[in-house]
Amino acid sequence: MARPIVILTGAGISKESGLDTFRCAGGLWQRVRLEDVATPEAFARDPDHVHAFYNARRKGLLEADVRPNPAHLALARLERAWPGEVLLVTQNIDDLHERAGSAAPLHMHGELLKARCTACAAVLPWRDDLGRGDACAGCGRTGHLRPHVVWFGEIPLEMERILAALEDCGMFVSIGTSGTVYPAAGFVQHVLERGDGETVELNLEPSDGASLFDRAVYGPASEIVPRFVDAVLAGVAAPAKGG
């Protein structure tokens, strides 16, 4: 049986589908202060402002021209064809991996098309605007629904499962990430410390942690990810760093 593969994706894989990244030139955090929209304190201070920010992002995700690109489709193909386990972990809160056919990606930072109730902990599908007047379908209370998104200062989701998979994988692949947000930025180090797993970076340009990877390919995700998947499925190693 082939050894498991763990794949981490970030905003760079969805950029070519028309969604904003965060830290690149012109990214979201250059236009909006994260302290105003992406922390528990911001939500407690001004929930209407936070809801408005995520309502706009939700509408953007549901635009007709936002759809999976070849990189998303290639990863779904890898899941289906690889003879071992493929665990797809994403920092993205969009649903493009699901739309591309990935079976069950782990959204470590939550999901934009869901809401969470702070009163009963119910997690609900949510595609419309969300506000303080909306009632939870689980407990019926109003004023307790928030975006099902992990904010700065909160613990990412599914960490136990992710760390267990990193302990066992034969290959860790990081795609479209800046390498600046922890704990995801530390996943490559986790695999390196084991000493028996290959690490690969696929990115538009070298991330902050690029030197930690065994191999790397740089270019648009829609071009390099399908080629990489073809190579993996053919039993061919990724090109050497910088290739």
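Higher on the page you've got the structure.
Let me sum up the structure you'll find in this document. Note that the coordinates shown come from a computational prediction; the quantities given were computed from them, not determined experimentally. (Residues numbered from 1 in each chain as written. Predicted model: local features only at pLDDT ≥ 70, side-chain atom pairs only at ≥ 80, totals over all residues. Heavy atoms only, no water.)

Next up on the list: the pairing of strand β1 (residues 5-9). In terms of burial, β1 is a largely internal element, 5 of the 5 residues being buried. Alternating positions in β1 separate into two faces, Ile5, Ile7 and Thr9 on one and Val6 and Leu8 on the other, with burial throughout. Judged from the 5 bridges that link them, β1 and strand β2 (residues 86-90) form a sheet pairing that is parallel. Paired with Thr9 across the strands is Thr90, a residue of β2. As paired elements, β1 and strand β7 (residues 171-175) share 5 bridges and run parallel to each other. Looking at β7, one finds that Val6 is bridged to Phe172. (Buried < 20%, exposed > 50% of the residue type's maximum accessible area, 1.4 Å probe, protein only. Helix = DSSP H or I, 4+ residues; strand = E, 2+ residues; numbered from the N terminus. Pairing = 2+ DSSP bridges.)

This next bit is on helix α6 (residues 70-81). For α6, built from 12 residues, the straight-helix expectation of 16 Å at 1.5 Å per residue is met to within 8% by its first-to-last C-alpha distance of 16 Å. The complete set of buried residues in α6 reads Ala71, His72, Ala74, Leu75, Ala76, Leu78 and Glu79. Contacts from the buried residues of α6 go to β1, α1 (11-15), β2, α7 (96-100), β7 and α10 (221-233). (Expected span 1.5 Å × (residues − 1). Contact = heavy atoms within 4.5 Å.)

We now examine unusual backbone geometry. Of all residues except glycine, most have a negative phi; of all peptide bonds, most are trans. Of the consecutive residues Tyr182 and Pro183, the connecting peptide bond is found in the cis state with omega at 10°. Along the chain, Pro183 falls in the loop between β7 and α9 (187-194). For Ala121, which is not glycine, the phi dihedral falls at a positive 70°. Relative to the helices and strands, Ala121 is located in the loop between β4 (110-117) and β5 (123-125). For Ala121, a relative accessible area of 56% gives the class exposed.

Here helix α8 (residues 159-168) crosses α9 at 40°, and the two axes come no closer than 9 Å. Relative to α9, the crossing made by α8 is right-handed. Here Met159, Ile162, Leu163, Leu166, Glu167 and Asp168 of α8 lie close against α9, whose contacting residues are Phe187, His190, Val191 and Arg194. Partitioned by chemical class, the residues of the contact of α8 with α9 number 6 nonpolar, 1 polar and 3 charged. (Axes fitted to C-alpha atoms, helices over the stretch in contact; angles between N-to-C directions. Left-handed = near helix turned anticlockwise from the far one by under 90°. Nonpolar A, V, L, I, M, F, W, Y, C, P; charged D, E, K, R; others polar.)

In this section: the sheet that holds strand β8 (residues 198-203). The strand order β3-β2-β1-β7-β8-β9 describes an open sheet built from 6 strands, whose pairing is parallel. Edge positions in the sheet fall to β3 (106-107) and β9 (215-218), since each has one partner strand and no second.

Counting across every chain of the model gives 10 salt bridges. A salt bridge links Arg3 to Asp196, with the shortest nitrogen-to-oxygen separation between them at 3.8 Å. Highlighted residues: Arg3 in the segment before β1 and Asp196 in the loop between α9 and β8, separated in sequence by 193 residues. Assessed through its relative accessible area of 37%, Arg3 is described here as partly exposed. Looking at Asp196, the relative accessible area reads 44%, which means it is partly exposed. (Salt bridge = Lys/Arg side-chain N within 4 Å of Asp/Glu carboxyl O.)

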